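Geometric and topological summary
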Amino acid sequence: MVGVRQNTRTLVTGSAGAIGRATAAELKSRGHFVRGFDRVESPHADESIVANLADAGAVRDATRGMDTVIHLAATPDDADFMSELLPNNVIGLFNVFDAARDEGVERLVVTSTGQVVGGVPRYTDRPVMLEDGTAPRNHYAVTKVMAEAMADMYAHRHDMSVIVVRPGWLPRELHHVHGIMKSEWGQAVYFSPNDAGRFFRCCVEAVGVKHAVLFATSKSNGKIVFDIEPALELIGYEPQDVWPQNCPHPLPKDE
Ligand SMILES: NC(=O)c1ccc[n+]([C@@H]2O[C@H](COP(=O)([O-])OP(=O)(O)OC[C@H]3O[C@@H](n4cnc5c(N)ncnc54)[C@H](O)[C@@H]3O)[C@@H](O)[C@H]2O)c1
């Protein structure tokens, strides 16, 4: 990777969420302007728009004047399809892509999930790689396969720069921390808020990327589940934390 995109004007959807807060703070610390878009106020952004992704006009207005969009807003796990996933993860996804194309956005970063490979066999001798394809095992993961397909379509048909990120596990709630503590797999895919901020910042700053799908985790605890080497090579991401460093919730003492 040669050169860095600097001083961007970046729209972050889901900017009040766990990954969004870390991303907005990191981008601002590097001199980028951050416009937040969420159903609630985004205190970490330079500018905060409170609106719903299902409102195409609001998404379009928020996208105007931005050169970069990081699309994080979504229902972040499996949920009722008609009332949650359809408006937030499908209609909202379409609204963001459509607005980004029409408003001439230079770089769109879209969030998928490691759950898109939920049904891919777990190998003992190597990590899951991009070449293993996708095998969603719930409706949430299906919406993220759609996000990946949409990225491919817009990158190639509409000549946009689109990076798809497949995050590991950034614990939003205390019970997620318990889940990670009890699982070697969970610890291997742990994604600290600091590393998440750095990862999405690298997605913004990387030059010369047309279309990529990248796994994103913190450093390995020994076991490697997802192959993050392509992110190191393509966008210059260097994870700094290993589980449980910078975990956003206190670790229970008796476990
Ligand atoms: N945290 C993880 O471990 C993880 C792992 C894989 C993928 N992801 C993906 O990363 C993204 C961010 O996840 P997170 O952990 O920060 O989740 P989060 O729930 O903390 O944040 C999501 C934010 O999106 C907002 N949002 C949801 N629907 C909206 C709508 N219709 N209009 C406006 N705002 C809306 C919510 O208010 C929330 O602030 C999601 O797309 C999620 O699927 C997260």
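First, a word on scope: everything that follows refers to the structure included in this document. Because the structure is a prediction, the values reported are computed rather than measured. Sequence order as written defines residue numbering, which begins from 1 separately in each chain. Side-chain atom pairs in this predicted model are given and counted only at pLDDT of 80 or more, local residue features only at pLDDT of at least 70, and totals for whole chains, interfaces and linings cover all residues. By convention in this description, side-chain values take in all heavy atoms of the structure and omit both hydrogens and water.

With that settled, the discussion passes to the pairing of strand E2 (residues 33-38). Type-normalised accessible area, obtained with a 1.4 Å probe on protein chains alone, sets the label of each residue: buried when under 20%, exposed when over 50%, and partly exposed for intermediate values. In this text, helices come from DSSP runs of H or I with a minimum length of four residues, and strands from runs of E with a minimum of two, each type numbered from the N-terminal end. Here E2 lies mainly inside the structure; 5 of its 6 residues are buried. Bridge analysis of strand E1 (residues 9-13) against E2 gives 5 bridges, and the strand direction is parallel. Bridging from a neighbouring strand, arginine 9 pairs with phenylalanine 33 of E2. By convention, a crossover is right-handed whenever its connection, traced from the first strand over the helix to the second and viewed with the strands pointing away, goes clockwise. Where the polypeptide runs from E1 across helix H1 (residues 18-29) and back to E2, its parallel neighbour, the crossover connection is right-handed. Pairing between E2 and strand E3 (residues 47-50): 4 bridges, direction parallel. Pairing between two strands is assigned when DSSP locates at least 2 bridges connecting them.

What follows is about unusual backbone geometry. Of note, the amide linkage connecting tryptophan 243 to proline 244 takes the cis form, showing an omega dihedral of 5 degrees. The residue proline 244 is located in the segment after helix H8 (229-235) in this model. Its identity as a non-glycine residue notwithstanding, asparagine 246 has a phi of 55 degrees, on the positive side. Looking at the element boundaries, asparagine 246 is found in the segment after H8.

So, on to the site of the ligand. The immediate surroundings of the ligand are formed by 25 residues, with Asp38, Leu72, Tyr140, Leu170 and Arg172 found nearest. Between N or O atoms, a polar contact is any pair within 3.5 Å; within protein, one atom must be a potential hydrogen donor and the other a potential acceptor, and residues adjacent in sequence are included only when both atoms are from side chains. One of the backbone N or O atoms of arginine 39 is found 3.4 Å from a nitrogen atom in the ligand. Lysine 144 has a polar side-chain atom sitting 2.8 Å from an oxygen atom of the ligand. Listing elements by their share of the shell around the ligand, those giving two or more residues are H1 and helix H4 (139-157). Here a residue counts as near a molecule or strand whenever at least one of its heavy atoms sits within 4 Å of it.

Time to look at the packing of aromatic side chains. Pairing of aromatic rings covers Phe, Tyr and Trp, the last through its six-membered ring, and needs centres within 6.5 Å; plane angles under 30 degrees mean stacked, over 60 mean edge-to-face, and all others mean tilted. Counting across every chain of the model gives 7 aromatic pairs. On the numbers, 6.3 Å between centres and 50 degrees between planes, the contact of tryptophan 169 with tryptophan 185 is tilted. Taken together, the positions of tryptophan 169 in the loop between strand E6 (161-167) and helix H5 (174-181) and tryptophan 185 in helix H6 (residues 184-188) put the pair 16 residues apart, joining distant regions of the chain. Look at tryptophan 169 and you get partly exposed, because its relative accessible area is 23%. Taken together, Phe191, Phe199, Phe200 and Tyr237 form an aromatic cluster joined through their ring pairs. Whether a charge sits over a ring comes down to the Lys NZ or Arg CZ being within 6 Å of the ring centre and within 35 degrees of the ring normal. For arginine 9, the ring lying beneath its charged end belongs to phenylalanine 33, and the centroid distance is 4.6 Å. A cation sits over an aromatic face here: arginine 126 above tyrosine 123, 3.9 Å from the ring centre.

Before going further, it helps to examine the environment of serine 220. By secondary structure assignment, the location of serine 220 is in the loop between strand E7 (211-216) and H8. Residue class for serine 220 comes out partly exposed when judged on its relative accessible area of 34%. Taking the C-alpha atoms as reference, serine 220 lies 16 Å from arginine 198; in sequence the two are 22 residues apart. A distance of 2.7 Å separates a polar atom in the side chain of serine 220 from the backbone nitrogen of glycine 222. Among the polar contacts made by the side chain of serine 220, one reaches the main-chain carbonyl oxygen of lysine 223 at a distance of 3.1 Å.

This next bit is on the side chain of threonine 13. In this structure, threonine 13 sits in strand E1. A contact between two residues is defined here by any heavy atoms of the two lying within 4.5 Å. Apart from the residues within four sequence positions on either side, threonine 13 is in contact with Phe37, Leu53, Ile70, His71, Leu72 and Ala73.

Helix span, expected: 1.5 Å multiplied by one less than the number of residues in the helix. Taking 1.5 Å per residue, 13 residues should reach 18 Å; helix H7 (residues 193-205) reaches 18 Å between its end C-alpha atoms and fits that length. Counting buried residues in H7 gives 12 out of 13 residues, a clear majority hidden from the surface. Taken residue by residue, H7 has Pro193, Asp195, Ala196, Gly197, Arg198, Phe199, Phe200, Arg201, Cys202, Cys203, Val204 and Glu205 as its buried positions.

Attention shifts here to the sheet that holds E6. Overall, parallel pairing links the 7 strands, which are arranged E3-E2-E1-E4-E5-E6-E7 in an open sheet. Two strands close off the open sheet at either side, each with one partner strand: E3 and E7. Strand-to-strand twist in this sheet, taken as the mean axis angle between neighbours without regard to direction, amounts to 15 degrees. Every axis in this analysis is a line fitted to C-alpha atoms, fitted for helices over the stretch in contact. Angles between the N-to-C directions lie between 0 and 180 degrees. Against the sheet, helix H3 (residues 81-102) engages strand E4 (68-71), strand E5 (107-111) and E6, with an angle of about 170 degrees to E5.

Let us look at H1. Taking 1.5 Å of rise per residue, 12 residues should cover 16 Å, and H1 covers 17 Å from first to last C-alpha, within 8% of that figure. Those residues of H1 that are buried lie in contact with E1, E2, E4, E6 and H7. Two residues or fewer after H1 comes glycine 31, characterised by a positive phi angle close to 90 degrees.

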